[in-house]
Amino acid sequence: MMPKKLGFLLLALSTSLVSGNLYSGEGESGYHSKTQKRKMKEQSGDSAASNQQKSCSSTWCSKVNKGLDVKLDLFYWVPKVQGTEFCSTVSKPSVGVIAANDTLLPTSGEIFGPNYDFDFGFKVGATYCGGEEKYMISGLYTGFSSKASEKLNAANNILCPINVYDGITLDPNGGATFDVFGYCTTASSHLSMKLDMIDLLLSKNFQLSKACLVLTPKCGLRAIFTNIKQATQYTGSDPDVQTSTGVGTTILGLDTNTVGVNNNSKTVGLGPAIGVDSVLDIGRGFGLFFNSSASIDYAYKTTKYSTYYTAFSDNTVNVKMQNHDFIPQVSNFLGLRYDKYINSFNSHFGIGLGYENQFLLGAYDSINPVESAVLEYDVTQNNFAAHGITLNLDYSF
């Protein structure tokens, strides 16, 4: 009996131990299963947050403790410089029509100025991101220069000069006839312009919606430098068209002589600048952007005007003027861009292409003679504009 009871006891004990071990194993396995599920949920949440950050590709500054973004823009712009018209073309009058008073010359006709072509320019800059609030400090230089020219032949018409001192052809020796410059048959003008801008700005990114619209307001300082030069020459005419008024004065065609006019205007300005950059994510790293900025610069202007006549070497006029003025400036840039994060989000590459324009109100002055008898001159404020295609490249690390 004892061996049977002992065997039964051992069997029960072993069964209890096995079932205890099995129960213990099931509990441990259940615990690990719950932990794995929790980790998977956390990873899923992190992945969703990561995907949301990836869609906001423009907010590179928010992803790093500190970083640097370098920028290069290449653009192809055409300028428009106001106040550079140099002559008008009118039908050739018959002998006896032209009088001494040049206001009796034909006043209707087509006005001509230099023809502007597209030219390349560039921007280069850098942006530093750092600090707890992730403010960005950036510097940007813009350089653009262009040339324009126009040459006209009157053919069966005549060319009347614009903004020229007509008394430049008067005989300095006081001869019996005093000839006043009124028309020519050939005119040519060459213009060169240069625009430089330097921006120093403070900005910060703000994400406004789940659609990943990112606004970057900015403010700071902008310096503007312009240099406009124009050289114009007039020559030729039929001497037979000259008509004496009976008082010793004629309206003069230039024949083989030349009247030359040079204008040069330089502007240096500095003032506050504000603006907003915006990017709307449209998926797969692509975004629509619109950047706008404005400034008002307190500028120092230097303007020079000179005229000469080749028939008399002493017949020259030189006028110089200096003054201060405010120059408002507005620029806009809109288009499509693509942003890509690489190296585990430690680096960022972006490329954008769009249309850009610049407008400067009263960017430079010109001097215009208005009264030959007493050498009076008018000063005109002229605007400058440019527009075209801009390619933007930037790399953050």
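Note that this is a predicted model, so its numbers are computed, not measured. (Residues numbered from 1 in each chain as written. Predicted model: local features only at pLDDT ≥ 70, side-chain atom pairs only at ≥ 80, totals over all residues. Heavy atoms only, no water.)

Caption draft 1: Up close: the overall build of the chain. Within the chain, the secondary structure is distributed over one helix and 17 strands. Here the chain, with 397 residues, has 40% of them falling under the buried criterion. When contacts within the chain are restricted to residue pairs at least 6 apart in sequence, those whose partners lie at least 24 apart make up 76%. Approximately 21600 Å² of the chain is accessible, and the part contributed by carbon and sulfur atoms is 59%. (Helix = DSSP H or I, 4+ residues; strand = E, 2+ residues; numbered from the N terminus. Buried < 20%, exposed > 50% of the residue type's maximum accessible area, 1.4 Å probe, protein only. Contact = heavy atoms within 4.5 Å. Areas by Shrake-Rupley, 256 points an atom, 1.4 Å probe, with all protein chains shown as cover.)

Caption draft 2: Inspection of unusual backbone geometry at higher detail. A positive phi angle is found at Asn163, which is not glycine, with a value near 60°. Structurally, Asn163 is set in the loop between strand S7 (157-161) and strand S8 (178-183). For Asn163, a relative accessible area of 31% translates into the label partly exposed. Phi at Arg284 is positive, roughly 60°, even though this residue is not glycine.

Caption draft 3: Summary view of the environment of Ser313. Examined against the element boundaries, Ser313 turns out to sit in strand S15 (residues 312-342). In this structure Ser313 comes out as exposed when scored by relative accessible area, which is 66%. Between the C-alpha atom of Ser313 and that of Pro172, which follows or precedes it by 141 residues, the distance is 9.9 Å.

Caption draft 4: Summary view of the side chain of Ser331. Position of Ser331 among the secondary structure elements: in strand S15. Assessed through its relative accessible area of 8%, Ser331 is described here as buried. A polar side-chain atom of Ser331 sits 2.7 Å from a polar atom in the side chain of Ser293. If we skip the residues at most four places from it in the chain, Ser331 touches Arg222, Asn291, Ser292, Ser293, Asn357 and Gln358. (Polar contact = N/O pair within 3.5 Å; in protein donor to acceptor, adjacent residues only side chain to side chain.)

Caption draft 5: Region of the structure containing the nonpolar core. Counting residues in each nonpolar core, the largest one holds 21 residues, and the members touching the most others are Cys87, Tyr234 and Val259. Contributions of two or more residues to this core are made by strand S13 (258-283), strand S14 (286-309) and S15. One finds Phe75, Phe144, Met197 and Ile327 within the second-largest nonpolar core, a separate group that totals 20 residues. (Core = buried A, V, L, I, M, F, W, Y, C linked by side-chain atoms within 4.5 Å.)

Caption draft 6: View of the state of the cysteines. The final tally for this structure, using the stated rule, is zero disulfides. Between Cys160, a free cysteine, and Cys184, which holds the nearest cysteine sulfur, the sulfur-to-sulfur gap is 8.1 Å. Taking the relative accessible area as the measure of exposure, Cys160 reaches 8% and is therefore buried. Between Cys184, a free cysteine, and Cys87, which holds the nearest cysteine sulfur, the sulfur-to-sulfur gap is 6.7 Å. (Disulfide = S-S within 2.5 Å.)

Caption draft 7: Region of the structure containing the environment of Asp394. In this fold, Asp394 is placed in strand S17 (residues 376-396). For Asp394, a relative accessible area of 9% gives the class buried. Along the chain, Asp394 and Leu72 lie 322 residues apart, while their C-alpha atoms are 6.2 Å from each other. With residues near it in sequence (within four places) discarded, Asp394 still touches Asp69, Val70, Lys71, Arg337, His348, Phe349 and Gly350.

Caption draft 8: Focus on the pattern of salt bridges. If you walk through the whole model with that rule in mind, you get nine salt bridges. Residue Lys71 is joined to Asp73 by a salt bridge in which the shortest nitrogen-to-oxygen separation is 3.7 Å. Classification of Asp73 by relative accessible area gives buried; the value is 1%. The network of salt bridges with shared partners includes Lys301, Asp325 and Asp365. (Salt bridge = Lys/Arg side-chain N within 4 Å of Asp/Glu carboxyl O.)

Caption draft 9: Focus on a positive patch on the surface. On the surface, Lys229, Lys266, Lys304 and Lys320 cluster together into a patch of positive charge. As for its position among the elements, Lys266 is in strand S13. Judged by relative accessible area, Lys266 falls into the partly exposed class, the value being 43%. (Patch = residues over 30% accessible without salt bridge, like charges linked within 9 Å, V, L, I, M, F, W, Y side chains within 5 Å. Lys, Arg positive; Asp, Glu negative; His and termini not counted. Charge placed at Lys NZ, Arg CZ, Asp CG, Glu CD.)

Caption draft 10: Local environment of the packing of aromatic side chains. As enumerated under the stated definition, the model contains 12 aromatic pairs in all. Every member of this aromatic cluster is reached through a ring pair, and the members are Phe75, Trp77 and Phe144. The lysine or arginine in question, Lys204, covers the ring of Tyr135, its NZ or CZ lying 5.2 Å from the ring centre. Residue placement shows Lys204 over the ring face of Phe206; its charged tip is 5.7 Å from the ring centre. (Phe/Tyr/Trp six-rings, centres within 6.5 Å; stacked < 30°, edge-to-face > 60°. Lys NZ or Arg CZ within 6 Å of the ring centre and 35° of its normal.)

Caption draft 11: The pairing of S13, seen in detail. Pairing of strand S11 (residues 213-235) with S13 involves 23 bridges; the strand directions are antiparallel. Looking at the pairing, Leu213 lines up with Leu280 of S13. Of the pairings in the sheet, the one linking S13 to S14 comprises 22 bridges and is antiparallel in character. Bridging across to S14, Gly275 finds its partner in Ser293. Turn length for the S13-S14 hairpin, with the two strands adjacent in sequence and antiparallel, is two residues, and the turn residue Arg284 shows positive phi of about 60°. (Pairing = 2+ DSSP bridges.)

Caption draft 12: Representation of the confidence of the model for the chain. A residue-level look at the chain finds 70% of positions with pLDDT of 70 or above and a mean pLDDT of 78. Within the model, the stretch residues 1-55 combines pLDDT values under 50 with five contacts to residues more than four positions away or in other chains. (pLDDT = per-residue confidence, 0-100.)

Caption draft 13: Region of interest: the side chain of Ser278. Position of Ser278 relative to the elements: it lies in strand S13. Owing to a relative accessible area of 15%, Ser278 belongs among the buried residues under this scheme. With residues up to four places along the chain from it excluded, the contact list for Ser278 reads Val214, Leu215, Leu288, Phe289, Phe290 and Asn291.

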